[in-house]
Amino acid sequence: ILPNVGITWSYLHTRVDFEQLALFDLKEEFRSRSPFIGIEFCYTFAEKWTLMAVYQYAWSHTHTKIGKIVSDHSHSDGPNYSLGIDYSLNKHWSLIFGVGYNITLSQEKHGIRGKGAKLGLAYYF
């Protein structure tokens, strides 16, 4: 059982072409920071296999800017859940597969309802 505390940062910068609205080449910026607290449960059920379950609660602070048209700040919070399995290739390398669900919403119920999967390769020092 591992408690965890942290913060994630996101930054996305794109160009959007709204040809149908006669608005061309708009720049969009999305910045977000999300402090979180959580707990991780790990269980090694075979020599090289570990099952992981994570619960986190995050508070997201987001700024979205589209050209000079929109500049919006929003705040949301909510839980994140994930489940993963880790296979140790050797002492330093590991292959990880996981699935997760995020439901970070504002009081008006705007925000993220996301789900996804990942496949990763990890190196341990």
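Because the structure is predicted, anything quoted here is derived from the model rather than measured.

So, how was this worked out
Residues numbered from 1 in each chain as written. Predicted model: local features only at pLDDT ≥ 70, side-chain atom pairs only at ≥ 80, totals over all residues. Heavy atoms only, no water. Helix = DSSP H or I, 4+ residues; strand = E, 2+ residues; numbered from the N terminus. Contact = heavy atoms within 4.5 Å. Areas by Shrake-Rupley, 256 points an atom, 1.4 Å probe, with all protein chains shown as cover. Buried < 20%, exposed > 50% of the residue type's maximum accessible area, 1.4 Å probe, protein only. pLDDT = per-residue confidence, 0-100. Phe/Tyr/Trp six-rings, centres within 6.5 Å; stacked < 30°, edge-to-face > 60°.

1. A look at the overall build of the protein
Then, number 1: The helix and strand inventory of the protein stands at zero helices and six strands.
Then, number 2: Mapped from its N terminus to its C terminus, the protein presents α and β elements in the order β-β-β-β-β-β.
Then, number 3: If you take every contact in the protein between residues at least 6 apart in sequence, the share linking residues at least 24 apart comes to 47%.
Then, number 4: If you sum the accessible surface of the protein, you get close to 9,300 Å²; carbon and sulfur atoms cover 62% of it.

2. Digging into the side chain of N4
Then, number 1: Checked against the element boundaries, N4 lands in strand β1 (residues 2-18).
Then, number 2: Judged by relative accessible area, N4 falls into the buried class, the value being 16%.

3. Things to note about the confidence of the model for the protein
Then, number 1: Looking at the protein, the pLDDT average stands at 85 and 87% of residues meet or exceed 70.
Then, number 2: Ranking the helices and strands of the protein by mean pLDDT puts strand β3 (residues 49-66) first, with 90, and β1 last, with 82.

4. Some remarks on the packing of aromatic side chains
Then, number 1: Summed over all chains, the structure comprises six aromatic pairs.
Then, number 2: Pairing W49 with Y87 gives two aromatic rings, centres 4.7 Å apart and planes at 50°, and the pair type is tilted. On the criterion of sequence distance, the pair formed by W49 in strand β3 and Y87 in strand β4 (residues 70-88) is long-range, its members being 38 residues apart.
Then, number 3: Exposure remark for W49: the relative accessible area of 35% places this residue in the partly exposed category.
Then, number 4: Look at Y87 and you get partly exposed, because its relative accessible area is 27%.
Then, number 5: Judged by centre distance (5.5 Å) and plane angle (50°), the ring pair of Y55 and Y81 falls under tilted. Taken together, the residues span a long stretch of sequence, with Y55 in strand β3 and Y81 in strand β4 at a distance of 26 residues.
Then, number 6: Its relative accessible area of 34% is what places Y55 among the partly exposed residues.

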